[in-house]
Amino acid sequence: MSIGIFDSGYGGLTILKEIRKRLPEYDYIYLGDNARAPYGSRSFDIVYDFTLQAVKELFARGCHLVILACNTASAKALRSIQQNDLPAIDPARRVLGVIRPTVEALPSMSKSGHIGLFGTPGTVASHSYDMELTKMNPEMTLTEQACPMWVPLVENNEASSPGADYFVKKYIDMLLEADPSIDTVVLGCTHYPILMPKIREHVPAEINVVAQGNLVAESLADYLRRHPEMECRCEKNASIQYLTTESPEKFDALASLFIGEKVISSRVNLPN
């Protein structure tokens, strides 16, 4: 039984890369819904429908544990799937997201208690990070900044181009102007680590910039330790299978940039 990793496109590969570093022995299936990406500007209902279709596809392929390596899907679909769908599909299966592991790590990273978040318009509009942070650490303050141009920059292979500087600096300046006390910023989209060199150029050196990959990987390792009944279902052949709803040739070329190795994928059609 493989561990399923789902993202609306390529960004989840940055999560998968860190998970495989931390837990290389397990089998994984990565599914990217590239044909319908990006999810960031889509409605809650559409993101929920698309995400549930992907989860069911991974379940059908033998996954008992699925990670939504997508902030938008975690924000707009995870809770509904956990509460409303899993009991009917299979109460023994699990779907986890990337928001909670990120929020849990923030108190140890921030001295001022002022956190900044860069995210897609959908993630920011959901206020999922703010709600989770308020619930877990009500003394901390979160300021959110939507970055609608960052995903297109990454997916059009413009992350290191001179033109990227304008949009990277623009959103950073807007966030820090809204709260000058921020000492930690979260990259609340799994595409954004590809922009890390540009982000680091424009964020003051004393501010922490937090990518999610290693946090999610460590959280997954902890989850498997605490749930041996799930861990024993996960096969350990160190295998990886890539699925995409787009052209495999197109997916493979860009995916290789995200994960740092050659990718060979297969196309899948998600049923309604």
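Everything here concerns the structure above.
Residues numbered from 1 in each chain as written. Predicted model: local features only at pLDDT ≥ 70, side-chain atom pairs only at ≥ 80, totals over all residues. Heavy atoms only, no water.

Peer 1: Give me the lowdown on the pattern of salt bridges, citing residues and values where you can.
Peer 2: Note that side chains of opposite charge can pair when their charged atoms are close. A complete count under the given rule lists 16 salt bridges for this structure. The closest approach of N and O atoms between glutamate 18 and lysine 21, which form a salt bridge, is 3.5 Å. One end of the pair is glutamate 18 and the other is lysine 21, both in helix α1 (residues 12-22) and three residues apart, which spans about a single turn. Among the residues examined, glutamate 18 registers a relative accessible area of 24% and is labelled partly exposed. For lysine 21, a relative accessible area of 58% gives the class exposed. The structure contains a network of salt bridges with shared partners spanning Arg22, Glu218, Asp222, Arg225 and Arg226. (Salt bridge = Lys/Arg side-chain N within 4 Å of Asp/Glu carboxyl O. Helix = DSSP H or I, 4+ residues; strand = E, 2+ residues; numbered from the N terminus. Buried < 20%, exposed > 50% of the residue type's maximum accessible area, 1.4 Å probe, protein only.)

Peer 1: Quick rundown of the layout of surface pockets? Include the residues and the values.
Peer 2: A probe matching the size of a water molecule, rolled over the atoms, marks out where space remains unfilled. Taken as a whole, the largest pocket spans an internal volume of roughly 770 Å³. Contributions of two or more residues to the lining of the largest pocket are made by α2 (44-60), α3 (71-76), α4 (78-89), α5 (99-105), α7 (128-136) and α11 (213-226). The dominant element in the lining of the largest pocket, judged by the number of residues it contributes, is α11, at six residues. The class makeup of the residues in the lining of the largest pocket is 14 nonpolar, seven polar and nine charged. As a volume, the second largest pocket reaches approximately 150 Å³. Of the residues belonging to the lining of the second largest pocket, the class tally is three nonpolar, one polar and three charged. (1 Å grid on protein atoms, 1.4 Å probe; cavity = no way out; pocket = protein on both sides within 12 Å on 5 of 7 lines; lining within 4 Å. Points joined across faces, edges and corners; volume = space filled by probe spheres on them. Nonpolar A, V, L, I, M, F, W, Y, C, P; charged D, E, K, R; others polar.)

Peer 1: Report on the sheet that holds strand β3 (residues 65-68), specifying residues and quantitative values.
Peer 2: Strand order across the open sheet formed by six strands is β4-β3-β1-β2-β9-β10, with parallel pairing between neighbours. Edge positions in the sheet fall to β4 (94-96) and β10 (265-267), since each has one partner strand and no second. Here the average twist between neighbouring strands, direction ignored, is 25 degrees. Of the strand pairs in this sheet, β3 and β4 are connected by three bridges, and their pairing is parallel. Paired with leucine 65 across the bridge in β4 is arginine 94. Here α11 sits on the sheet and contacts β1 (3-7), β3 and β4; the angle it forms with β3, its principal contact strand, is near 160 degrees. (Pairing = 2+ DSSP bridges. Axes fitted to C-alpha atoms, helices over the stretch in contact; angles between N-to-C directions. Contact = heavy atoms within 4.5 Å.)

Peer 1: Residues and numbers for the side chain of arginine 93, please.
Peer 2: Its location among the elements puts arginine 93 in the loop between α4 and β4. Judged by its relative accessible area of 16%, arginine 93 is buried. Contacts of arginine 93, omitting those with residues within four sequence positions, involve Phe59, Gly62, Cys63, His64, Leu86 and Met230.

Peer 1: Describe in detail the pairing of β3, supporting the description with residues and values.
Peer 2: Taking every second residue as pointing to the same face, both faces of β3 are buried, with Leu65 and Ile67 on one and Val66 and Leu68 on the other. Strand direction decides the pairing type here: β1 and β3, joined by four bridges, are parallel. Paired with glycine 4 across the bridge in β3 is valine 66.

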